[in-house]
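# Descriptive analysis of the structure
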Amino acid sequence: VGCDETVDLGKGRSREAVARLGRARVYLDFVKKIHELVGMRGRRMQFWGDIVFEHPELIPELPKDVLALEWGYEADHPFDVQGAKFAEAGIDYQVCPGTSAWLSLTGRTTNAVCNLEAAARSGLAHGASGMLITDWGDFGHWQPFPVSYLGLVYGAAVAWCHDTNHDLDVARVLDAHVFRDRSTALGGIARDLGDVYRETGVLVKNASVLALLLLFPERPLGEGRLAGLTVEGLERADARAAEVAARLSRVRCDRDDAPLLHAEFALGADLMRHGCRLGIARLETPGGAV
């Protein structure tokens, strides 16, 4: 039923109620009303669990038959801390990491693997009833769909059997079971393209800086999530993207959509290189306007 990211609570029709009762109470009462409506229809309510952690003292007041979805998409998300609180309150919950594909162009491999592994490990430790792997498409879903395969495959593996699969060679598994690549090349290409953005030296939450350069060309360089960019870092990323993309010529996939796979990973690499060149041109232009 949603109920996440309620940043505008108290700014509109709820202003008076929030002033009188506080944001936490208004939010919890609203969740309870939705729960009642869901129950009247013979259904069980799932809701995103991020907002209740702004006021964790209210967690014990949640209806006991809800299913909380504990989401977080960074490598250092506190799954352990938040999962323990749900478990202590007797609230059934699931861990909800992500593929790290959105706002990235070609993924964020290292972040995805760490985020998914931490979620599975924490869920096991605190009795989560399941793991939901999320895959979003913020601001137009610029990443080609195969970029998400790495996160889906690794996440499924650690959710199914964490102890066996936490150190999985995900490139090898992709080649064997998803891409069916006889050259055993495409899995490594998918993995490596997903970390090209790290060559810039600028790591931001929930995005790749190379995607942000293309999606928000009006934003000033040197501020916010675009702070710290350098010509040298962008040149490294450009060279790395070109190096990894050159390996696409070796790919030999036994799939009907093999040409499409090739084209989509090539597109992702080209978009990253375009972002690098745009960033370099802006850095070298007085005022940063290109």
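Residues numbered from 1 in each chain as written. Predicted model: local features only at pLDDT ≥ 70, side-chain atom pairs only at ≥ 80, totals over all residues. Heavy atoms only, no water.

### Topic: the overall build of the protein
- Scanning the protein from terminus to terminus reveals 11 helices and 4 strands.
- For the C-alpha atoms alone, the extent of the protein along its principal axes is close to 60 × 50 × 30 Å.
- Counting over 290 residues, the protein shows a buried share of 50%.
- Look at the contacts in the protein between residues 6 or more apart in sequence, and 70% of them connect residues 24 or more apart.
- As presented, the protein carries roughly 14000 Å² of accessible surface, and 54% of it is formed by carbon and sulfur atoms.
- Seen as two clouds, the 32 positive and the 40 negative side-chain charges of the protein have centres 3 Å apart. (Helix = DSSP H or I, 4+ residues; strand = E, 2+ residues; numbered from the N terminus. Buried < 20%, exposed > 50% of the residue type's maximum accessible area, 1.4 Å probe, protein only. Contact = heavy atoms within 4.5 Å. Areas by Shrake-Rupley, 256 points an atom, 1.4 Å probe, with all protein chains shown as cover. Lys, Arg positive; Asp, Glu negative; His and termini not counted. Charge placed at Lys NZ, Arg CZ, Asp CG, Glu CD.)

### A few points about the packing of helix H8 (residues 186–193) against helix H11 (residues 258–283)
- Contact geometry of H8 with H11 gives a least axis separation of 11 Å together with a crossing angle of 25°. Considering the angle they form, H8 stands roughly parallel to H11. The handedness of the crossing between H8 and H11 is left-handed. Along the contact surface, H8 presents Leu186, Ala190 and Leu193, while H11 presents Leu261, Phe265, Ala269 and Met272. (Axes fitted to C-alpha atoms, helices over the stretch in contact; angles between N-to-C directions. Parallel < 35°, antiparallel > 145°, perpendicular 65-115°, else oblique. Left-handed = near helix turned anticlockwise from the far one by under 90°.)

### Re helix H3 (residues 79–89)
- Buried within H3 we find Phe79, Gln82, Gly83, Phe86 and Ala89. The arc enclosing the buried residues of H3, seen along the axis, measures out at 130°, which places them on a common side.
- Along its buried surface, H3 packs onto strand S2 (67–71), strand S3 (92–96) and helix H4 (109–126).
- A positive phi of about 75° marks Gly90, the residue just after H3. (Arc of directions from axis to C-beta.)

### What to know about H4
- Over its 18 residues, H4 extends 26 Å from the first C-alpha to the last, a length consistent with the 26 Å expected when each residue adds 1.5 Å.
- Of all the positions in H4, only Thr109, Asn111, Ala112, Asn115, Leu116, Glu117, Ala118, Ala119, Ala120, Ser122 and Gly123 are classed as buried.
- Of the residues flanking the end of H4, it is Gly127, one or two places downstream, whose phi is positive at about 80°. (Expected span 1.5 Å × (residues − 1).)

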